[in-house]
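# A look at the structure
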Amino acid sequence: MNAEFDIAETLDVKGASCPMPVVKTKSATDDLAAGDVLEVLATDPGSMSDIDGWAAGTEGVKLVDQEEGDDVYRHYVRKTA
């Protein structure tokens, strides 16, 4: 676990393919408080660029980290507003 932030919630979208990881991530971040970090667990390699692009183009969220390992892609999205 990354020491730079605390994870408020984990979203498991393993097995889902584009665009569902982004759709579910957006829905989950809507329910977070400002400053909370959502951990997203995905198996779709495209989620790395998809979630990065979504976060970059979406106000109120920031992609703080991504990790790849053991066939699982981890994304950490902070709600900023």
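My aim in this report is to walk through the structure given alongside it, one point at a time. Keep in mind that this is a model prediction, so the values were computed, not measured.

A few words now on the overall build of the chain. When helices and strands are tallied, the chain shows two helices and four strands. Reading the chain from its N terminus to its C terminus gives the helix and strand order β-α-β-α-β-β. Against the 2.2 N^0.38 benchmark of 12 Å for 81 residues, the chain shows a C-alpha radius of gyration of 11 Å, consistent with a compact globule. Dimensions along the principal axes, computed over C-alpha positions, put the chain at roughly 30 × 25 × 20 Å. A buried classification covers 40% of the 81 residues belonging to the chain. Counting only contacts in the chain whose residues sit at least 6 apart along the sequence, the fraction spanning at least 24 positions is 64%. For the chain, the exposed area adds up to about 4500 Å²; of that, 45% sits on carbon and sulfur atoms.

The pairing of strands in a sheet comes from backbone hydrogen bonds and takes either a parallel or an antiparallel form. With respect to topology, four strands assemble into an open sheet ordered 1-2-4-3, the strand pairing being mixed. Edge positions in the sheet fall to strand 1 (7–12) and strand 3 (61–69), since each has one partner strand and no second. The mean inter-strand angle of the sheet, taken between neighbouring strand axes irrespective of direction, is 20°. Bridge count between strand 2 (residues 37–42) and strand 4 (residues 72–79): six bridges; the pairing is antiparallel. Considered in strand 4, the bridge of valine 37 is made with arginine 78.

Right, let's talk about the packing of aromatic side chains for a bit. Scanning all chains against the criterion turns up one aromatic pair. Look at phenylalanine 5 and tyrosine 76: their rings are 5.1 Å apart centre to centre, the planes differ by 50°, and that puts the pair in the tilted class. Linking phenylalanine 5 in the segment before strand 1 with tyrosine 76 in strand 4, this pair joins segments that are 71 residues apart in sequence. Each member of the pair, phenylalanine 5 as well as tyrosine 76, is classed as buried.

Conventions we followed
Residues numbered from 1 in each chain as written. Predicted model: local features only at pLDDT ≥ 70, side-chain atom pairs only at ≥ 80, totals over all residues. Heavy atoms only, no water. Helix = DSSP H or I, 4+ residues; strand = E, 2+ residues; numbered from the N terminus. Rg over C-alpha atoms; globule rule 2.2 N^0.38 Å. Buried < 20%, exposed > 50% of the residue type's maximum accessible area, 1.4 Å probe, protein only. Contact = heavy atoms within 4.5 Å. Areas by Shrake-Rupley, 256 points an atom, 1.4 Å probe, with all protein chains shown as cover. Pairing = 2+ DSSP bridges. Axes fitted to C-alpha atoms, helices over the stretch in contact; angles between N-to-C directions. Phe/Tyr/Trp six-rings, centres within 6.5 Å; stacked < 30°, edge-to-face > 60°.

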